[in-house]
Amino acid sequence: MRIRSKAIALCMVMALVLAIGVAGCGKAPEKKAEPAPTPAPAPSPAPKPVKETIVIALQGEPSTLDPQFADDGNMRAVTENVFEPLLTIDGKTLKPILALAESYKTVNPTTWEFKIRKGIKWQNGDALTVDDVVFSVLRQIDPKFKSQIASNFRTIKDARKVDESTVNIITDGPDPALPVRLTGLMIVNKKHVEAVGDTVGSKPIGTGPYKVIEWKKGVSISVEAFDGYWGNKPSVKKGLFRFIEEGSTRLSALKANEIDVAVNMLPEYIKDVPKVASVEGLEFPLVRFLQFKGVMKNPLIRQAANYAIDKEAIAKSLYGGYASPALGQMFKPGYVGFNSELKPYPYDPNKAKELLKQAGYKGEKIQMVAQRGRWLKDGELAEAVSMLLRDAGMNVELKYYDWNGWLKVLFDRNLAPDMIVSFHSNDLFDADRTFSALVHSKGTMSSYLSADLDKKIDAARTEMDSAKRQKMYEEVGKVIYDDPAFIFLVNIKDIYGLSKSLDWQPRQDGKKLLSEMRIVQ
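Right, let's walk through the structure included here.

Rules and cut-offs
Residues numbered from 1 in each chain as written. Predicted model: local features only at pLDDT ≥ 70, side-chain atom pairs only at ≥ 80, totals over all residues. Heavy atoms only, no water. Buried < 20%, exposed > 50% of the residue type's maximum accessible area, 1.4 Å probe, protein only. Helix = DSSP H or I, 4+ residues; strand = E, 2+ residues; numbered from the N terminus. Pairing = 2+ DSSP bridges. 1 Å grid on protein atoms, 1.4 Å probe; cavity = no way out; pocket = protein on both sides within 12 Å on 5 of 7 lines; lining within 4 Å. Points joined across faces, edges and corners; volume = space filled by probe spheres on them. Nonpolar A, V, L, I, M, F, W, Y, C, P; charged D, E, K, R; others polar. Contact = heavy atoms within 4.5 Å. Salt bridge = Lys/Arg side-chain N within 4 Å of Asp/Glu carboxyl O. Phe/Tyr/Trp six-rings, centres within 6.5 Å; stacked < 30°, edge-to-face > 60°. Lys NZ or Arg CZ within 6 Å of the ring centre and 35° of its normal. Axes fitted to C-alpha atoms, helices over the stretch in contact; angles between N-to-C directions.

Focus: the pairing of strand β9 (residues 220–225)
Among the six residues of β9, five are classified as buried, and the element is accordingly described as predominantly covered. Sheet topology note: the strand β8 (residues 210–216)/β9 ladder contains six bridges and is antiparallel. Along β9, the bridge assignment pairs W215 with I221. If you look at the hairpin formed by β8 and β9, you'll find three residues sitting between the two strands, and G218 has a positive phi there, around 80 degrees.

So, the layout of surface pockets
Empty space within the largest pocket amounts to approximately 760 Å³. At the level of elements, β2 (87–89) and β3 (96–98) are the ones that each hand at least two residues to the lining of the largest pocket. Its residues placed into classes, the lining of the largest pocket shows 14 nonpolar, nine polar and ten charged.

Looking at the environment of L327
Inspection of the secondary structure puts L327 in the loop between β14 (323–325) and α9 (349–358). On the basis of relative accessible area, L327 is assigned to the partly exposed category, the value being 31%. C-alpha of L327 to C-alpha of K293: the two residues are 34 residues apart in sequence and 27 Å apart in space. Setting aside anything within four residues of it in sequence, one finds L327 in contact with F338, L342, K343 and P344.

Side note on the pattern of salt bridges
Within this structure, the stated rule accounts for 26 salt bridges. Between R181 and D432 there is a salt bridge whose closest N-O contact spans 2.7 Å. One end of the pair, R181, is in helix α4 (residues 178–182); the other, D432, is in helix α12 (residues 431–438), with 251 residues separating them in the sequence. Its relative accessible area of 2% is what places R181 among the buried residues. We note a salt bridge from D430 to R469, for which the minimum N-O separation is 3.0 Å. Note that D430 is positioned in the loop between β17 (419–424) and α12 and R469 in helix α14 (residues 466–482), a separation of 39 residues in sequence. Each member of the pair D430 and R469 is classed as buried.

Structural notes on the packing of aromatic side chains
Aromatic ring pairs are described here by two measures, namely the spacing of the ring centres and the angle between the planes. This model, assessed by the stated rule, comprises 17 aromatic pairs. Between the aromatic rings of W403 and W406, the centroid separation amounts to 5.3 Å while the plane-to-plane angle is 15 degrees, which identifies the pairing as stacked. Separated by three residues within a single helix, W403 and W406 lie in helix α11 (residues 403–411), roughly one turn from each other. Judged by relative accessible area, W403 falls into the buried class, the value being 14%. Residue W406 is classed as buried on the basis of its relative accessible area, which comes to 1%. Aromatic ring contacts, followed pair by pair, group Y307, Y345, Y481, F486 and F488 into a single cluster. In this arrangement the basic side chain of K217 is found over the ring face of W215, its NZ or CZ atom lying 3.3 Å from the centre. Over the ring of Y400 we find R372; its NZ or CZ atom is 4.2 Å from the centre of that ring.

Examining the sheet that holds strand β5 (residues 111–116)
The strand order β4-β5-β7-β6 describes an open sheet built from four strands, whose pairing is antiparallel. What marks the edges here is a single partner per strand, and that holds for β4 (101–108) and β6 (156–163). With strand direction ignored, the average angle separating the axes of adjacent strands in the sheet is 20 degrees. With six bridges connecting them, β4 and β5 associate as antiparallel partners. Within β5, the residue paired with K105 across the bridge is E113. Along the sheet face, helix α3 (residues 130–141) touches β5, β6 and β7 (166–171) and points at about 170 degrees away from the line of β6.

Now the structure itself:
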């Protein structure tokens, strides 16, 4: 055992010596490298939120959402997405096409038969019925309702239910324009209107592709796609109509990507907007005269006012070329009733002064009322027109009213000022729309009295011979050109600012249909 222990000890000593020797004379063996840690996979980018809402900035708040009452472009921007007529306008051809009606025909010269589509639901779940259609037509033409667009439907005398899918609309005489006229008559829910009464203007229920979700007074109106819509499902799920009166504020909101559509962009803003879209517009700015009393009763003074205005300068300087002088009327080539013989009154301030002298004008005060912020450069236009009239020697006092105040003097003839700056758009493309509303003595916006002219307008409305009808409207246009009902100013183009994420081609009829817009992600 002792020998074995010595041997083990010797071996241990030798191993220790060998180890020391190796450590002192040679390189230590390399430490085996540990494998590098596997890098953690890079986190996947967060999915880009899907944009579902298109935001449209209007220049004002709708006065109501009752589509049968108001003549209000801000309202139509919303309600044309919510309500539908029997027939609607094709955005490309500008001709009537079927909407809630699946067919129509004439039964006799004064009776039109309409077949209603089956299976259409209101946004509250009710089924659309012929009773709704009859109610809508009768409500629209009821004088007690005092609709601001009643003039558009003056030929309609009655509506009668034939069966559960058929309605007859009766006119007081032949009316070749009835189909296009009906594109502006929205169908409303009889039960709902009768139930909510006077609050119907804030509780709209339509059959259209979008339903109103919320109206924040003074701020916005939100809509969303109606799941039960009978037509093609829109790709845009939600819409928000914001009320932004100032054009510069709409521009800022567009640049900040807060909105997708800014209406009525100023020409000078175009270089700053992400995208711009322009289209031939319907708007004709005008100055309406109080023709039957006061200073403006004298036709020579009204003619002088037309000679006093430099329409070319207004089109070029004020609208940056996005306008052209009106051709002595509020129609363009292609409108029924356009008179190719009429030309703009030339700018001739000396002629204006001469006419004022002939009229015996002694500097009497002339009241002019205008509104600011509703239409493109409406306030600046009123300033320019009043200045030019003063330069010609007219003692014009310009006052700006708020929207409701302006509407009140526009529609109440007893309150009509000597002159009011307004804008007119004829979305029916038919002279009867303009003459019945603005010239006929029973027109809702007329301050012109002429029994002879009333007869001509009434006769043209029921003339089935299109050539004769055209000639009759041309004659009416000539009368109110020579004995001016208005200062015919310019026709302006529609200019929209768009976000980069919006794909949309504006329509000539000015409709802002969410169903025709696309979001580009």
